[in-house]
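# Topology and contacts: notes
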Amino acid sequence: MRPATTTMRNGQLGFWMADTIGIQRSYPRFEGDETVDLAIIGGGYSGLWAAYFAKTMEPSMSVAVFEAERLGYGASGRNGGWVSALVPGNRMKFAKASATGKAASVALQREFITSVDTLLEILATEGIEADQYKGGTLSAAHTEAGLNRLIAKRASDLSYGMAEDEVQLLGREEFQTRIKIEDVHGGLFYKDVARMNPAKLLMGLADTVSRMGVKIYEDSRVLAASEGTLKLDAGRANSKRTFICTEGYSGPPTRQTPAHPD
Ligand SMILES: Cc1cc2nc3c(=O)[nH]c(=O)nc-3n(C[C@H](O)[C@H](O)[C@H](O)COP(=O)(O)OP(=O)(O)OC[C@H]3O[C@@H](n4cnc5c(N)ncnc54)[C@H](O)[C@@H]3O)c2cc1C
């Protein structure tokens, strides 16, 4: 455990990674020339989950993950640890941006809900211990007006694909059986929210895909990728397919290529 007085500085590992450093495995630097069916650039959740599903669907596929720094150096090792079915952003705007309108937002919500249990089932199947716990989440109303807003929020949740038992309206007493907030007027309980240790999830996932035969390289920045060839400092990799999983490191967002609709 780090001493409480340690100051975190930009560019260092985040809290979760720093806290689990003693139990982390390291992976070799890529050197030489290698040919794989699938090359994945970036060793965060996107890269490792892509490797996991590729190997699950096609076990004979050769897969390599190239990480510039170390696994979890990006947001995957620095996030809040919530595995949540609550769709971030404005569902109405997502619906407007889709050709299928509101049906797309409803489908997205259903995917969010099923993905929470899917994730927990995979961790159980693969024996990944990441302090996972599904306890749901509460929204509390401290005023009558606040409660009315939560009632309206629930109606909207139901219209965007949540089922009655997935967003439960709690009265004051029922709410207080879960958490004793004196001035609470009631609230909402969303059951499909879990929490876990993000670094342990990442490490467990890396161990799992390694066991499945995926090659993982750290300290292996891809300098250029084109037409099935990846150039790295100390070598070159050839691949039939390449997945770029570098999220926030992919370049500055521009007005022409929004990450999601404004
Ligand atoms: C503060 C914060 C809190 C969050 N909280 C939550 C939460 O509670 N719940 C939740 O679900 N989501 C949360 N998120 C979002 C979530 O963490 C990210 O969406 C997710 O981790 C993105 O994973 P990724 O693999 O796409 O990207 P990253 O984890 O950023 O991985 C990209 C990797 O690519 C590597 N890379 C970059 N360039 C190259 C290159 N040229 N060659 C090789 N490798 C390269 C980077 O070093 C990095 O490791 C949070 C995000 C932040 C920032």
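Residues numbered from 1 in each chain as written. Predicted model: local features only at pLDDT ≥ 70, side-chain atom pairs only at ≥ 80, totals over all residues.

In this section: the overall build of the protein chain. Of regular secondary structure, the protein chain possesses seven helices and 12 strands. In terms of overall dimensions, the protein chain has C-alpha extents of about 65 × 50 × 35 Å along its principal axes. For the protein chain, buried positions account for 30% of its 262 residues. Once local pairs closer than 6 in sequence are excluded, the contacts in the protein chain between residues at least 24 apart make up 74%. (Helix = DSSP H or I, 4+ residues; strand = E, 2+ residues; numbered from the N terminus. Buried ≥ 20, exposed ≤ 12 C-beta atoms within 10 Å, placed from the backbone. Contact = placed C-beta atoms within 7 Å.)

Right, let's get into the domain arrangement of the protein chain. Taken domain by domain, the protein chain consists of domain 1 (15–80 + 198–249) and domain 2 (82–195). Computed from C-alpha atoms alone, the centre-to-centre distance between domain 1 and domain 2 is 31 Å. The interface is formed by six residues belonging to domain 1 together with six residues belonging to domain 2. For the side of domain 1 that touches domain 2, a count of residues per class yields two nonpolar, three polar and one charged. (Domains from an automatic or database assignment. Nonpolar A, V, L, I, M, F, W, Y, C, P; charged D, E, K, R; others polar.)

Before going further, it helps to examine helix α4 (residues 102–126). Taking 1.5 Å per residue, 25 residues should reach 36 Å; α4 reaches 36 Å between its end C-alpha atoms and fits that length. By the largest-angle criterion, Ser115 marks the main kink of α4, which is about 25°. On its buried face, α4 sits against α3 (91–97). Directly after α4, the chain includes Gly127, whose backbone phi takes a positive value near 70°. (Expected span 1.5 Å × (residues − 1). Bend = angle between axes of the 7 residues up to and from the residue.)

This part takes up the site of the ligand. Around the ligand, a shell composed of 27 residues is seen, among which Gly42, Gly44, Gly74, Asn79 and Gly80 lie nearest. The biggest single contributor to the shell around the ligand is helix α2 (residues 45–57), with three residues. Looking at the shell around the ligand residue by residue, the classes come out as 10 nonpolar, 12 polar and five charged. (Near = placed C-beta within 6 Å.)

Looking now at the pairing of strand β11 (residues 229–232). Side chains Leu230 and Leu232 project from β11 onto a buried face, and the interleaved Thr229 and Lys231 project onto a face without burial. Sheet topology note: the strand β10 (residues 222–226)/β11 ladder contains four bridges and is antiparallel. Its bridge partner lying in β11, Ala224 is registered against Lys231. Adjacent in sequence and paired antiparallel, β10 and β11 are bridged by two residues, among which Glu227 carries a positive phi angle near 45°. (Pairing = 2+ DSSP bridges.)

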